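In case you want the letters, here they are:
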Amino acid sequence: MSLRKFITNKTTAALAVLLTVFANTSVFAQDAAAGAAAAPKVDMGEVYKSVIFYILIFLAVCLFIAIIGKSIRVYELSREAQGKPVGINWNRVHASLFALFLVLGLYGVYWEYTVHGAMLLPDAASEHGKKIDEMFNLTLIITTIVFVLTHILLFGFSYIYKYSAKRKAYYYPHNNTIEKIWTIVPALVLTVLVLMGFLTWRSIFFKVEDPNNKPLQIEVTSEQFKWSIRYPGADGVVGTKNYKLTTATNPLGIDFKDLNSRDDEMADEMVIPVGKPVKLILTSKDVIHSFYMPHFRVQLNTVPGMKTYFEFTPTKTTAEMQQETNDPNFKYLFFCAKICGAGHYNMQKVVRVVSEADYKTWIAEQKTYLNDDLRKQFNLPVAPAPVKAVADSAATDSAAAKTNQMALNK
């Protein structure tokens, strides 16, 4: 072979191209390896935390499925063009997927009930909470039975009665008996559930007050991002408020012209006696919050410009719940159940349920909201300064409190 023929030969040209590509690839690979060794290590963990990463993964999976689908379609069209029978029976595939999803779905329901079901709240710690739990459990049982039966029928029929060229569909347009059954039975079940909910709601919100066991009034004011708790003092009545009176020294806007306000006390936590009715007076200073006490099954919105009320009776002390849950660190809490802003996570406080005697001891130690600055603002007598000779600070505070009471009585 002459040199000219050797150069123009197609096999020689193809080998030259392959050799060139292989050489360039090797060089690029060596450069990349050298660059990777010299470059500082990058923490890839951050990549897996980004939303864009998962979006790209999702798009890649969709593209992969689309390519597979198109390939199968081309394969089927080629068989059809050649006069061959269809390679894949899609009716059978779809029917099998229905059966598979039915089994997986029912297992998912079982898994949810057995795994996440254990994460539900413990038994209610309030009188009305037991009624709510009973209503919730009955509703859950009925809806679960309906859910399982309807899905077995839907997915089972889709599998059993998949398309077959050997079978003709039976035309069955109407049946009065079946129409009556699936109309009357759901109507009766829903009627029972609605009536049960209505009666439970009335028993919670429409109570006849027992004059021998009046509820303990507690006012809770929400704002971004904290709760303020006010107790009524010795008179048992929480005084009035007026938002126009809100100042730096009177952040709740309490009106001290109302005598009921003058002995009101503030607290950092909510302490309530077990077995005694508690009447919550809920208000808000800014946006709508949702007052939520899960263990007592209490949830109600706090709305600016209006008061909402909720009365409940705690049945288990904090110590009893610690024993019941086998958790010495257990605490009752109340939260805001609405996403009220960036500091929403701060919206929680501790609730302590104690005996009647412990409650009386605790409430006697709380400070009144009314101080000397507020006395001047409302033109009330200012208490004299405490005696400096008293070394014990607690004794000094007690003397001041007694003096304040005397000034109030003038």
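Residues numbered from 1 in each chain as written. Predicted model: local features only at pLDDT ≥ 70, side-chain atom pairs only at ≥ 80, totals over all residues. Heavy atoms only, no water.

S.K.: Explanation requested: the pattern of salt bridges in the structure shown.
M.R.: Pairing is possible between side chains that carry opposite charge, provided their charged atoms lie close to one another. What the rule picks out here adds up to nine salt bridges. A salt bridge links Glu269 to Arg352, with the nearest nitrogen and oxygen atoms 3.1 Å apart. Here Glu269 is found in the loop between strand 3 (265-267) and strand 4 (270-273), whereas its partner Arg352 is found in strand 10 (residues 348-354), with 83 residues between them in sequence. On the accessibility criterion, Glu269 (21% relative accessible area) is partly exposed. Residue class for Arg352 comes out partly exposed when judged on its relative accessible area of 29%. Because the salt bridges share partners, they merge into one network encompassing Glu219, Arg230, Lys241 and Asp264. (Salt bridge = Lys/Arg side-chain N within 4 Å of Asp/Glu carboxyl O. Helix = DSSP H or I, 4+ residues; strand = E, 2+ residues; numbered from the N terminus. Buried < 20%, exposed > 50% of the residue type's maximum accessible area, 1.4 Å probe, protein only.)

S.K.: How should the sheet that holds strand 10 be read in this particular structure?
M.R.: Two pairing modes exist for strands in a sheet, parallel and antiparallel, and in both the strands are linked by backbone hydrogen bonds. Pairing is mixed in the open sheet, where five strands are placed in the order 4-10-9-6-7. Unpaired on one side and paired on the other, strand 4 and strand 7 (298-302) mark the two borders of the sheet. Going across the sheet, the axis of each strand differs from the next one's by a mean of 20°, ignoring polarity. Taken together, the four bridges between strand 4 and strand 10 define a ladder with parallel strand orientation. Residue pairing for strand 10: Val271 is matched across the bridge by Arg352. Taken strand by strand, helix 8 (residues 356-364) contacts strand 4 and strand 10, and its axis lies near 140° from that of strand 4. (Pairing = 2+ DSSP bridges. Axes fitted to C-alpha atoms, helices over the stretch in contact; angles between N-to-C directions. Contact = heavy atoms within 4.5 Å.)

S.K.: Can you walk me through unusual backbone geometry in this structure?
M.R.: Most of the time, phi is negative for any residue but glycine, and the peptide bond is trans. Between Gln224 and the following residue, Phe225, the backbone shows a cis peptide bond with an omega angle of 5°. Position of Phe225 relative to the elements: it lies in the loop between strand 1 (216-223) and strand 2 (226-231). The phi dihedral of Arg297 falls on the positive side, at around 55°, and the residue is not glycine. Taking relative accessible area as the criterion, Arg297 reaches 15% and is therefore assigned buried. A positive phi angle, close to 55°, is found at Asn326, a residue other than glycine. Within the secondary structure, Asn326 sits in the loop between helix 7 (318-324) and strand 9 (332-336).

S.K.: Hey, could you run me through the side chain of Gln217 in this one?
M.R.: Turning to its location among the elements, Gln217 is positioned in strand 1. For Gln217, a relative accessible area of 18% corresponds to the buried category. A distance of 3.0 Å separates a polar side-chain atom of Gln217 from the backbone nitrogen of Val238. When near neighbours in sequence (up to four residues on either side) are disregarded, Gln217 contacts Tyr231, Pro232, Gly236, Val237, Val238, Lys279 and Ile281. (Polar contact = N/O pair within 3.5 Å; in protein donor to acceptor, adjacent residues only side chain to side chain.)

S.K.: I would appreciate a short explanation of the nonpolar core in the present structure.
M.R.: Within soluble globular proteins, side chains that are nonpolar generally end up buried alongside one another. Counting 35 residues, the largest nonpolar core has Ile218, Tyr231, Met270, Leu280, Phe291 and Met293 as the members making the most contacts within it. The residues touching Ile218, leaving out its near neighbours within four places in the chain, are Ile229, Arg230, Tyr231, Met270, Ile272, Val278, Lys279, Leu280 and Ile281. Leu252, Tyr369, Leu374 and Phe378 belong to the second-largest nonpolar core, a separate cluster that totals eight residues. (Core = buried A, V, L, I, M, F, W, Y, C linked by side-chain atoms within 4.5 Å.)

S.K.: Hey, could you run me through helix 4 (residues 90-114) in this one?
M.R.: In an α-helix there are 3.6 residues to a turn, and that puts residues three or four apart on one side. A rise of 1.5 Å per residue sets the reference length of helix 4, with its 25 residues, at 36 Å; its end C-alpha atoms lie 36 Å apart and thus fit the reference within 8%. The secondary structure elements touched by the buried residues of helix 4 are helix 5 (127-160). With a side-chain oxygen lying 3.2 Å from the backbone nitrogen of Asn91, the N-terminal cap of helix 4 falls on Asn89. (Expected span 1.5 Å × (residues − 1).)

S.K.: What exactly am I supposed to notice about the pairing of strand 10 here?
M.R.: Regular strands place side chains that alternate from one sheet face to the opposite one. Where strand 9 lies against strand 10, four bridges are found, and the strand directions are antiparallel. Counterpart to Phe335 in the pairing with strand 10 is Gln348.

S.K.: Could you clarify how one ought to interpret the environment of Gln322 in this entry?
M.R.: Residue position: Gln322 is located in helix 7. Once the C-alpha coordinates of Gln322 and Tyr332 are considered, the two residues, 10 residues apart in sequence, prove to be 9.9 Å apart. Ignoring any residue separated from it by four or fewer positions in sequence, one finds Gln322 in contact with Asp327, Pro328 and Phe330.

S.K.: Got a minute to help me understand the packing of aromatic side chains in this structure?
M.R.: For any two aromatic rings, the description comes down to two numbers: the centre-to-centre distance and the angle of the planes. Within the structure shown, the criterion is met by 20 aromatic pairs. The interplanar angle of 40° and the centroid separation of 4.9 Å between the aromatic rings of Phe291 and Phe334 together place this pair among those described as tilted. Residue Phe291 is located in strand 6 (residues 289-293), and its partner Phe334 is located in strand 9; the two are separated by 43 residues in the primary sequence. Comparing Phe291 with Phe334, the two get one shared label, buried. Above the plane of the ring of Tyr159 lies Lys162, whose end atom (NZ or CZ) is 4.8 Å from the centre. Its end group placed over the ring of Phe206, Arg202 keeps NZ or CZ at 5.0 Å from the ring centre. (Phe/Tyr/Trp six-rings, centres within 6.5 Å; stacked < 30°, edge-to-face > 60°. Lys NZ or Arg CZ within 6 Å of the ring centre and 35° of its normal.)

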